[in-house]
Amino acid sequence: MEAIKFQNTVHHDRILIVFIFLFVDLSLCSPSQTQGELPYMTSDVKEVAGNSFDYIVVGGGTAGCPLAATLSEKFSVLLIERGGSPYGNPWVMEKRYYGFSLIQTDEFSSVAQDFKSGDGVRNCRGRVLGGSSAINGGFYSRASEDFIDQVGWDKELVKDAYTWVESKIVSIPELTPWQTVVEFGLLEAGILPYNGYSLEHIEGTKIGGSIFDVWGIRHTSADLLKAANPKNIVVVLNATVKNIIFEGNGNATETTVKGIMFIKSDGTTDQTYEAYLNQPKNCTSNGDVILSAGALGSPQILLSSGIGHREHFKKFNIPHVLNLKGVGKKMKDNPSIAVFVDTNPQNRLPDPPQVSGIAKDLKFIIEGGIIPTGFNATRMPIAAKIAFPVSEGELKLSSTDPRQNPSVKFNYLADENDLDDCANMVHLLERVAKSESIAFYLGVKPQNNLMTSTDGQRKFCKANVRTYYHYHGGCTVGSVVDNDYKVYGVKGLRVVDGSTFLESPGTNPMATLLMLGRYQGVKILREREHV
């Protein structure tokens, strides 16, 4: 009876929220339309080759776009992206094609690039302006207060940066029928309290923000370039950075960055081009090359440039520049388990997550969606991840071709603590997946045959571990970069992206990476004001 009373109460609250949403002006639920136009973009690398800029941002992804837009307010910026434009591509821009970009990939030009870790787990990375914000589920949720305290960020500036992003690309989602059912399933499994719509990372069940607007259009980080000063920024697409160029003065006491060397993404590695940092006279503070190429791309570029452990470069004949042993280390990916609640593929409309269950002191994150397994087939997984894995791995070069994936192994569940957590997570995941709410929606009988053996759960975890696509590390703060994201021992080089994280913030890192790009851009502008 108590369970029935509880469900009725939640049901009443849900109806009330839906009722309120119906009377909200839809313009309030969608990003601001007062932004400017996109800056100049080109795929002709010769237009920028040989030119100099105050800042060169490598990677037009989740962090790189807001960073470049912010820096352009006062300085000239080159934003270089290895992929093409997301605009006009329905697989990127339209919610009804969510997940399609992940099922058809190729070696050099698809918007998602496949890679398989040394663990044998398939994964992918964004290869398009907007980065992974152009191929993900669009769920937007901030980092926890504890995370912000741990990294030592300025809380007021963090709040301002989040707000800046949210005013431009984040919407309040209107729950689909399946997301409402998932919401009830989470509550039925005891993931409480019910927090309604919230951008905060808090215990319980909540509706998050979305970068899909109410018309089903995705707003990637590329949209933030509309806030850039168009006179100060150039975006070059389909150009892949091969390595960083350093000053040739061998007598210098500090390694100094001069610029970047890059190739056409569909060209050859032998035909290279260069772009440089401005060298203003009578100025003690120059600009930077800033790597925002992601947890695989940024450490790969550092290693390709001779920055990393000395032993790593011998087989590739790369001149060693700096013995920074942390490059490529502390690679982590959140172990995930997914169960399908449907029995067979069907031709349902894809449905990205809009609701999240956050449990066990923020340790477990559970969401559900509908994902395509082919162009005419979808499945309905409920998936969970461990938020704070102990196990970590390493990234190494596999080739000197910058378009090829580096070699990475995450060592999923190698630590016994992770395996124990996974066993506990599976028990909770099953309670959601086999809830009465989900069974009723699917028209099947509720199942009570939960896996009760811890040993069985541990074996299930080892056999079925997968990615949640939230891999991070490789250029971590305190190991490769300092608290200002400057690479140790190098003048004019920073890294600003998920490779700097020791853990993945919030339900997923997208919101915090968007914020970080804006945050670091504002900090750099303020620093230059006082020079």
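What you see is a predicted model, and the numbers here were worked out from it, not measured in a lab. (Residues numbered from 1 in each chain as written. Predicted model: local features only at pLDDT ≥ 70, side-chain atom pairs only at ≥ 80, totals over all residues. Heavy atoms only, no water.)

## Points about the domain arrangement of the chain
Part 1 of the argument: Per the domain assignment, the segments making up the chain are domain 1 (41-171 + 216-333 + 392-411 + 470-530) and domain 2 (174-207 + 335-386 + 413-464).
Part 2 of the argument: Counting the surface lost from both domain 1 and domain 2, the interface buries some 2000 Å², and carbon and sulfur atoms represent 63% of this.
Part 3 of the argument: Its largest share of buried area at the contact with domain 2, domain 1 owes to Lys95, Tyr98 and Phe139, together 29% of the area lost on that side.
Part 4 of the argument: Linking domain 1 with domain 2 are one salt bridge.
Part 5 of the argument: Linking Glu200 and Arg142 is a salt bridge whose minimum nitrogen-to-oxygen distance equals 3.3 Å.
Part 6 of the argument: Counting across the domain 1 and domain 2 interface gives seven residue pairs in polar contact (both at pLDDT 80 or more).
Part 7 of the argument: Its residues assigned to classes, the side of domain 1 that touches domain 2 shows seven nonpolar, 12 polar and five charged. (Domains from an automatic or database assignment. Buried area = accessible area lost by both parts, 1.4 Å probe. Salt bridge = Lys/Arg side-chain N within 4 Å of Asp/Glu carboxyl O. Polar contact = N/O pair within 3.5 Å; in protein donor to acceptor, adjacent residues only side chain to side chain. Nonpolar A, V, L, I, M, F, W, Y, C, P; charged D, E, K, R; others polar.)

## What about the UniProt feature "binding site: FAD" (unreviewed entry) in the chain?
Part 1 of the argument: UniProt's entry tags Val128, Val241 and Gly498 with the feature "binding site: FAD" (unreviewed entry), counted in the numbering of this structure.
Part 2 of the argument: Turning to its location among the elements, Val241 is positioned in strand 12 (residues 239-246).
Part 3 of the argument: Non-local contacts of Val241, meaning those with residues more than four positions away in its chain, are made with Val58, Ile80, Ile260, Met261, Phe262, Ile301 and Pro402.
Part 4 of the argument: In this view, Gly498 contacts Ala295, His472, Gly473 and Leu513; residues no more than four positions away in its chain are not counted. (UniProt positions renumbered as here; feature names shortened; annotations may be inferred. Helix = DSSP H or I, 4+ residues; strand = E, 2+ residues; numbered from the N terminus. Contact = heavy atoms within 4.5 Å.)

## Brief notes about the side chain of Arg142
Part 1 of the argument: With respect to the helices and strands, Arg142 occurs in the loop between strand 7 (139-140) and helix 4 (145-151).
Part 2 of the argument: Of the polar contacts made by the side chain of Arg142, one reaches the side chain of Glu166; its length is 2.8 Å.
Part 3 of the argument: Looking at Arg142, its side chain comes within polar contact range of the side chain of Glu200, at 3.3 Å.
Part 4 of the argument: When sequence neighbours within four positions are dropped, the list of residues in contact with Arg142 reads Tyr162, Thr163, Glu166, Leu199, Glu200, His201, Gly506, Ala511 and Thr512.

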